[in-house]
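One letter stands for each residue in the lines below.
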Amino acid sequence: MPSRNPKSKIQDLALPHVAALHAYTPGLQPGEPGWIKLNTNESPYPPSPRVVEALRREIGEDGASLRLYPNPASAALREAVARLHGLGADQVFIGNGADDVLNLLVRCFCAPASAAGFTLPSYSLYPVLVGIQDGRAVSLDFDRSMKLPVDAIAASAAKVFFLTSPNAPTGVGFRTADIEAILRRFHGLLVVDETYAAFAEENAAGLLPQHPTLCIVRTLSKSHCLAGMRVGYALARPEVIGLLDRVKDSYNVSRLAQAGALAALGDPDYYAALVRKIKATRDRVHGQWTTKLGWFTQPSQANFLFTEPRDRAGRTGPEVARGLYDFLYARKILVRHFGSHALTSSFLRISVGTDGAMLVLQENLEAWLKHA
Ligand SMILES: *Cc1c(COP(=O)(O)O)cnc(C)c1O
């Protein structure tokens, strides 16, 4: 006899913490064309033409290479990343995106009795990864100044602490000196998620030789225009890398992803020019919003802007931000609103697009100001 309520039966079989889990909410990825997509910090520009060539070469005439498993260690890519950072290949781990690396770090260091820490706001995937592991979470709140809570992080009992620098969704960059001050006193592993480092003034990679408890996470998704390819990496002591290697999927990075990422790293001039362009657009738009519109906009060291919209009557707040989100959505412009935290709910996070896209956005912001 089939069970009358199979759904609740399965719920009972599943681990309670998994059955109760709230999944991560990714930004919308509309299927149909015509959207201006400024909601997930992807690059508005295509990757280096060398990436496309490398992918064609890897596929070949008939795709025969796709029959074969990829190199399990992503060995050539590890070597290339190691050279890029002046490290040994045993100090590099390649993941299926930075998210894979973050997930494996949680798997290695976090459990019901081993807390993982993070700041609020920061990348909202961390608490989800901790929840999957049924781990204990320690969250530390920023105040409105967004100043890094150095003492609180250093004093936390977390086994692993995730620090997003520059932070998301605020775009605020942290001083390397402050990160070093944490490292001198914090007893756990400090993971600095440097997804946006290419757009920042400073990064913490130079601290790796002196600080055995530092792990840096980077990705090719944003600065290298390869979010669809899924390649990220960790830089750390061989002991940390060895742990990640123990728990990863055997073939965690596909053949095409390894080939494409290698080609991207082989064209640094192309990417340096793109990063310069995105930063120039970012800084110009930041100036427009702060001076022309009078909107408080965080100084950004990333490829997005975090701004507090002010309506025609001079009001700010969660309803104003949501109202502008809806107004833009109705005009097929996608941005991001994080409504669940007091420090983010009256802001919108808007990725830096092409100059053309930012012009259309600006026209729509001005239309909203007339309408609202
Ligand atoms: C986008 C993002 C990631 C995810 O990067 P992938 O390599 O695409 O998985 C990780 N951390 C932060 C802070 C991000 O914004």
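Everything discussed here concerns the structure shown above.
Reading the values: rules and limits
- Residues numbered from 1 in each chain as written.
- Predicted model: local features only at pLDDT ≥ 70, side-chain atom pairs only at ≥ 80, totals over all residues.
- Heavy atoms only, no water.
- Helix = DSSP H or I, 4+ residues; strand = E, 2+ residues; numbered from the N terminus.
- Phe/Tyr/Trp six-rings, centres within 6.5 Å; stacked < 30°, edge-to-face > 60°.
- Buried < 20%, exposed > 50% of the residue type's maximum accessible area, 1.4 Å probe, protein only.
- Lys NZ or Arg CZ within 6 Å of the ring centre and 35° of its normal.

Some details on unusual backbone geometry
With the exception of glycine, the majority of residues adopt a negative phi angle, and the majority of peptide bonds are in the trans configuration. Of note, the bond from Ser 165 into Pro 166 is cis; its omega dihedral lies within 30 degrees of zero at -10 degrees. Inspection of the secondary structure assignment puts Pro 166 in the loop between strand E5 (160-164) and helix H8 (176-185). The amide bond that connects Ala 168 to the next residue, Pro 169, takes the cis arrangement and shows omega of 5 degrees. With respect to the helices and strands, Pro 169 occurs in the loop between E5 and H8. One non-glycine residue with positive phi stands out, namely Asp 134, at about 55 degrees. Within the secondary structure, Asp 134 is located in the loop between helix H6 (125-132) and strand E4 (136-141). Although it is not a glycine, Cys 225 adopts a positive phi angle of roughly 60 degrees. By the secondary structure assignment, Cys 225 is in the loop between strand E7 (214-219) and strand E8 (232-235).

Some remarks on the packing of aromatic side chains
Per the counting criterion, the structure on display carries 15 aromatic pairs. Judged by centre distance (6.5 Å) and plane angle (40 degrees), the rings of Phe 118 and Tyr 126 are tilted. Each member of the pair, Phe 118 as well as Tyr 126, carries the same accessibility label: buried. Seen from their ring centres, Phe 161 and Phe 186 are 6.4 Å apart, and the 85 degrees between their planes marks the pair as edge-to-face. Of this pair, Phe 161 sits in strand E5 while Phe 186 sits in the loop between H8 and strand E6 (189-193); the two residues are 25 residues apart in sequence, bridging distant segments of the chain. The pair Phe 161 / Phe 186 is uniform in exposure class, with both members buried. Counting every residue linked through ring pairs, the aromatic cluster contains Tyr 24, Phe 118, Tyr 123, Tyr 126 and Phe 162. Above the plane of the ring of Phe 327 lies Arg 331, whose end atom (NZ or CZ) is 3.5 Å from the centre. Its guanidinium or amino end placed over the ring of Phe 304, Arg 349 lies 5.6 Å from that ring's centre, counting from NZ or CZ.

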